[in-house]
Amino acid sequence: MRIRDFDTPVMDKVYDTEVALDERYVGETPALKKVYDLFCKFRDKYSDNIVRKSLNMAGDKDLEAFCDACAELWGFESCSMIIKQANIFQFATFSLDMRVDLPSDKESMVEYGPNGVRFKSKYHVHLVTIGFTGLLMNAKFTNREVFAVFLHEVGHSFQSATNGQMNSLNQVNNIIMYFCMFLDLLNNPVEGVKEMLELMFASNGVMGVVSHGYKAIVKNPVGKALVNVLGAFSGIFDDVFYGVIFAARAVLTPASFIPNLVASITKLLFPTILVHGYGGEQMADSFAGDLGFGPDLSSAFLKTSKYGHDLDIVNKIPVLNAVVDLWCLPFEMIIRGFDEHPTDGARIRGMVDIMENDLKKGYFDPKAKKALERDIKALEKTVVDFEDDMRAHPFKYRQIFSSSMLSLIYNSGGGFKYNLLRSDHSGEKQKAYERSKAQGNVIKI
């Protein structure tokens, strides 16, 4: 399948105002709809959610067509989704940030068109995502919600290529990472070598080998069967592992808190790591939001908060839930403070902030103005509805006391960390405009 409209004019009528083609609200373009339709064609075949009985997902022709369309739309040399049959409510990917075999100035790697940003073909960037069936095939989540989470993962590949501040932070963090790796090699050679191997694995070249190799294996009938069987068994192992972890949470929280505390101290010593991680999540959220899937991403986040985790047996029993959650609450509050992932409420407020700034500054295609205004209203309504439902039915939510804390966070405008790290992005988008104009990536509308 070819997506031929990437370089077609954004609109028929030409106006006098210049608009930068990067970091702006694009909306759900015809090309993106084609990619989304391919995703639905694949996912709808497994909508009965009988995951363990379905050994055909890896290597599915519709999944292959979807990945190929993604590669063409966003300029990846290859794109693959590794299916893992585990009841985990998430996707995962390998961001561009730590890939040392690409230019340090990652902003030079991208170009812009009517569908937003894409990588230049000469850089041969590869995308590898891991799709956990706990989300990918979960009937509680709509096609749009799951696709929005996938867009978030795609956004991680672009976060340092479309934002000068993120690119600068990435370069600083790489220096810190090399310094810490050198210390580990001196103090703990085994751990240091492990970190070096992880860095090599995260390189773009290795991502290409993984992506091409995986696609070649699942095209073979024997390889396809083997990959699906291994995916099912590894998923069962993950389910048992996480089930034990969640069940042990009541008594082991102080023990598991120690490594998190150590990680938090590291972030205090090198605060750019926290800022970069937090900003990266906001950029990835914004990527999905700029393509018209912000409301769907927000509802996916809030459903995850509401349903908790299917493997967390303790949280399904209200009395145990209350006891365990109260015991864990002080530890959870400290860990949350240093977690690079914003709370769900802060993530939605972040998307609203960025979209409202786009609306105010004019960083959008005028044809998409109504869609942008509609998305902002939908995002705001999602949060209000969630807060009302949380207060009206607290026992629906798995973590009773934590839910109360999150409700306070929502009502206080996203919380301390969100207000400390937030920015209106207007300065960055103005730089994007100037950079785009210098590169010729500016259109007249």
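Scroll up for the structure.
None of the values given here were measured: they were computed from a predicted structure.

### A closer look at unusual backbone geometry
Unusually for a residue other than glycine, His-124 sits at a positive phi of about 50°. Mapped onto the elements, His-124 comes out in the loop between strand 5 (116-119) and strand 6 (126-132).

### As for the pairing of strand 2 (residues 78-84)
Burial analysis of strand 2 places five of its seven residues in the buried class, the great majority of the element. Sheet topology places strand 2 next to strand 6; seven bridges connect them, and they run parallel. In the strand pairing of strand 6, Met-81 is matched with Thr-129.

### Some thoughts on the packing of helix 11 (residues 344-361) against helix 12 (residues 369-392)
Where helix 11 meets helix 12, the closest approach of the two axes is 10 Å, and the angle between their N-to-C directions is 155°. The orientation of helix 11 with respect to helix 12, classified from their angle, is roughly antiparallel. Of the two elements, helix 11 crosses helix 12, and the hand of that crossing is left-handed. Contacts from Ile-348, Arg-349, Met-351, Val-352, Met-355, Glu-356, Asp-358 and Leu-359 of helix 11 reach helix 12 at Lys-369, Leu-372, Glu-373, Asp-375, Ile-376, Leu-379, Glu-380, Val-383 and Glu-387. Broken down by class, the residue content of the contact of helix 11 with helix 12 amounts to nine nonpolar, no polar and eight charged.

### Looking at the side chain of His-126
Within the element layout of this structure, His-126 appears in strand 6. Discounting chain neighbours no more than four positions away, the residues touching His-126 are Phe-76, Glu-77, Ser-78, Arg-99, Asn-204, Met-207, Gly-208 and His-212.

### Looking at the pattern of salt bridges
This structure, assessed with the given rule, holds twelve salt bridges. The partner of Lys-41 in a salt bridge is Asp-62, and the shortest N-O contact between them spans 3.7 Å. Here Lys-41 is found in helix 1 (residues 30-44), whereas its partner Asp-62 is found in helix 2 (residues 61-74), with 21 residues between them in sequence. When its relative accessible area of 15% is taken as the criterion, Asp-62 is described as buried. As a salt-bridge pair, Glu-145 and Lys-303 come within 2.9 Å of each other at their nearest N and O atoms. Here Glu-145, found in helix 4 (residues 143-158), pairs with Lys-303, found in helix 9 (residues 271-307); they are 158 residues apart in sequence, far enough to count as distant.

Procedures and definitions
Residues numbered from 1 in each chain as written. Predicted model: local features only at pLDDT ≥ 70, side-chain atom pairs only at ≥ 80, totals over all residues. Heavy atoms only, no water. Helix = DSSP H or I, 4+ residues; strand = E, 2+ residues; numbered from the N terminus. Buried < 20%, exposed > 50% of the residue type's maximum accessible area, 1.4 Å probe, protein only. Pairing = 2+ DSSP bridges. Axes fitted to C-alpha atoms, helices over the stretch in contact; angles between N-to-C directions. Parallel < 35°, antiparallel > 145°, perpendicular 65-115°, else oblique. Left-handed = near helix turned anticlockwise from the far one by under 90°. Contact = heavy atoms within 4.5 Å. Nonpolar A, V, L, I, M, F, W, Y, C, P; charged D, E, K, R; others polar. Salt bridge = Lys/Arg side-chain N within 4 Å of Asp/Glu carboxyl O.

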